[in-house]
Amino acid sequence: MADYHYTPVQDHGAKAGVLAYLVTAAAVLLLMMVFGLLMRLEQAQFISLGANWFYQLMTLHGAGMVGIAGIAGAAVMWHFLNHYVALSTRVLLANLGLFLIGVALVLGSVLIGNFHGAWTFLYPLPGNSMGLWSNEAAASFLAGMLVIGTGFLLLQLDIARAIIARYGSFARALGWPQLFGADDGNAPPPTVVASTMVTIVNLIALVVGASILAMMLVNLYFPEFKIDPLLAKGMIYFFGHVFINATIYMAVIAVYEILPRYTRRPWKSNRIFLASWSASTLMVMFIFPHHLLMDFGFPKWMLMVGHIIGYLNTFPILVVTGYGALTIVYRSGIHWDMSSKLLFLSMFGWAAGAMPAFIDGTIRVNYVMHNTLWVPGHFHTYLLLGMVSMVFGFMYYLGKKAQGAPDTPLDRAAYWGYLIGSLGFVLSFLYAGKESVARRYAEHLPQWVPYDRIGAFFATLIVASTLVFVLCFLRRLRHAGSNHTRATAPFSALAAA
Amino acid sequence: MLQHIVWYVSLSLMMVVGFGWTFVVLKSGTREEDYTPLQKRAYRLRARFFWLLVALFGTPMVYTLVDLPYDIIRPAQGAGTIQAVNATGYMWRWELSHDRVEAGRPVEFHVTSADVNHGFAIYDPDMKIVAQVQAMPGITNTLHHTFGQPGTYRVMCLEYCGLAHHNMTTEFTVAARS
């Protein structure tokens, strides 16, 4: 049986490689947010970029956000996992290097080559541009994505190596002996369980992603090498959906590690926790058909699996991780600072975002809401309020000079700006989705513009708040590498000490 | 309309989640030092929460699988002979074999694409989506729909297909049944 007494842990500073990831993530995230804001301003008719620029920005925003979510999530996972297993710093840096090379290829493709085939690069659009971009531009984009994916594959392989070296197998690292046998209370810690799950799903997804990218690159120059568009779409969505989902499962490690330090309560890998993560390993891989529900060419059973797993996937989020966060904070006397607030908010964002998500995965609902603004509405809820809040919570944590270091009024204002901005932003998306407003449109019908204007206002608030988060992180970067206790103890625990 | 139900249900569920988080924040100030009994109480409550969710989510999950758009024979179909319409997507226009169908009689849209992926979405006269399917090269998807109300319906592309994606639209008429 797991016991629920808290054992203090050493608070390690971040290694230079992790900080390089976080600085890159902060800069690119902010830039991609600005691109997103420009898109909303264009749809709101406040500016006039034109359709070509809009779709270029849309392509960069999508590809950039997915990539940078991966970088930020990997930073969180690597930082904490490195306390339990021996990871390679060289591989960590190699991934960042490959990521930057990939980014350069993608930027060149879009900004020089005018590629605007969206981050989903659905076959055969990249090779069929109506003369608007060249094969070379498309190849640069696909190659950039391939290089980025290869970097992440190397990172995941190193993590797999380190986990197996320490625990013997993925099954042991997922805590299966404790899940299916006697619970001796010695299951791997949540960080290891989560990292193992992420590694399993990402290894498969990245290989599938690399395969379709390679196939499409061949097709660009040898058109006689045909690809089944349905197969291509399935592979792209499998890769993309698993990868972006995995970023949340990486970043939530910050919650598992940091909230216990604030509450002085343990977050244990008990049987329910282990069962939930093993179930999530399967569900994250098989949920992707909920993006393909309107592709009637797929087998009906496969689409029904997407529908059913969409519902089931809410259980680990709500009943285990979300509920776990509520339990650990309830009557804990927690000291609320920027880090603890953002991490707790992130769990709300994840749980709340799962609601419109699973409903959209209902086949009959998808029939009238697929590819409307409802879709970015739900994924911005759990990515913006969820995943990104986890990352900024982690950044604020690392940047703390000492226990009890106070937040500035600007920090606190930015927190509320981010919270209100994100809520208003995602609700404007969701409401527009209810009104059947199409996503990925450079120009909106006149009756749709008011939603865009409301969305643009809240998006501005998000960008301004994020700018504060990023600047504060950069200003406090010098504290991020040192080993010192950061979390302020709960009041009564402090008195007892 | 389904979209309204979806909006209110989603908003309600998100608010319930929000209330849960707010409640815990409000209750976070005073520390209960011994975590083990609190944890046990929380686990007992979680078991109830789990079964509540099973009932709350399980029922619609199963119920909504009864009438799927993939099925050829659907309970909501109208009576009468089927009206077949071939729809082909091109960058960036739609080609329909007929631009007039009758309300109250089932329509079969045979949807495909001549080039890249498109999304064939039908908007009613109030500009709300009533049905959609993907248009994909080399594949013909059949969309079954029976229009209840006469009027001018619009087809819009809902799968990103390049520069003029947002302009890829056409119209057809749903006439009163003769």
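Here the structure is shown first, and the text comes after it.
What you see is a predicted model; the values in this text were computed from it and never measured.

Engineer: Which parts of the structure should I look at to understand the interface of chain A and chain B?
Structural biologist: Where the parts come together, the accessible area they lose is often given as the size of the interface. At the interface, 66 residues of chain A touch 67 residues of chain B. Going through the elements one at a time, helix 2 (51-81), helix 8 (229-263), helix 10 (300-312), helix 11 (314-329), helix 12 (338-360), helix 13 (363-369), helix 15 (409-434) and helix 18 (491-496) of chain A are the ones with two or more residues in the side of chain A that touches chain B. No other element matches the eight residues that helix 11 of chain A contributes to the side of chain A that touches chain B. Classifying every residue of the side of chain A that touches chain B gives 42 nonpolar, 16 polar and eight charged.

Engineer: Explanation requested: the environment of Ala74 of chain A in the structure shown.
Structural biologist: Residues and elements named next belong to chain A. Within the secondary structure, Ala74 is located in helix 2. Here Ala74 falls in the buried class, since 29 other C-beta atoms lie within 10 Å of it. Sequence separation between Ala74 and Tyr249 is 175 residues, and the spatial gap between their C-alpha atoms is 10.0 Å. Residue contacts for Ala74: discarding those within four places in its chain leaves Tyr21, Leu155 and Met250.

Engineer: Would you take a moment to explain the environment of Ser428 of chain A for this structure?
Structural biologist: Residue and element names in this part refer to chain A. Mapped onto the secondary structure, Ser428 falls in helix 15. Sequence separation between Ser428 and Leu373 is 55 residues, and the spatial gap between their C-alpha atoms is 8.9 Å. If sequence neighbours within four positions are ignored, Ser428 has contacts with Tyr451, Ile454, Gly455 and Phe458.

Engineer: What's the story with the sheet that holds strand 8 (residues 151-157) of chain B in this structure? I'm lost.
Structural biologist: Residue and element names in this part refer to chain B. Strands sit in the order 3-9-8-5-6 across an open sheet of five strands; the sheet is mixed. Of all the strands in the sheet, the pair left with one neighbour each is strand 3 (100-102) and strand 6 (129-135). Here the strands of the sheet are splayed against their neighbours by 25 degrees on average, with no regard to which way each runs.

Reading the values: rules and limits
- Residues numbered from 1 in each chain as written.
- Chains lettered and ligands numbered in written order.
- Predicted model: local features only at pLDDT ≥ 70, side-chain atom pairs only at ≥ 80, totals over all residues.
- Contact = placed C-beta atoms within 7 Å.
- Helix = DSSP H or I, 4+ residues; strand = E, 2+ residues; numbered from the N terminus.
- Nonpolar A, V, L, I, M, F, W, Y, C, P; charged D, E, K, R; others polar.
- Buried ≥ 20, exposed ≤ 12 C-beta atoms within 10 Å, placed from the backbone.
- Pairing = 2+ DSSP bridges.
- Axes fitted to C-alpha atoms, helices over the stretch in contact; angles between N-to-C directions.

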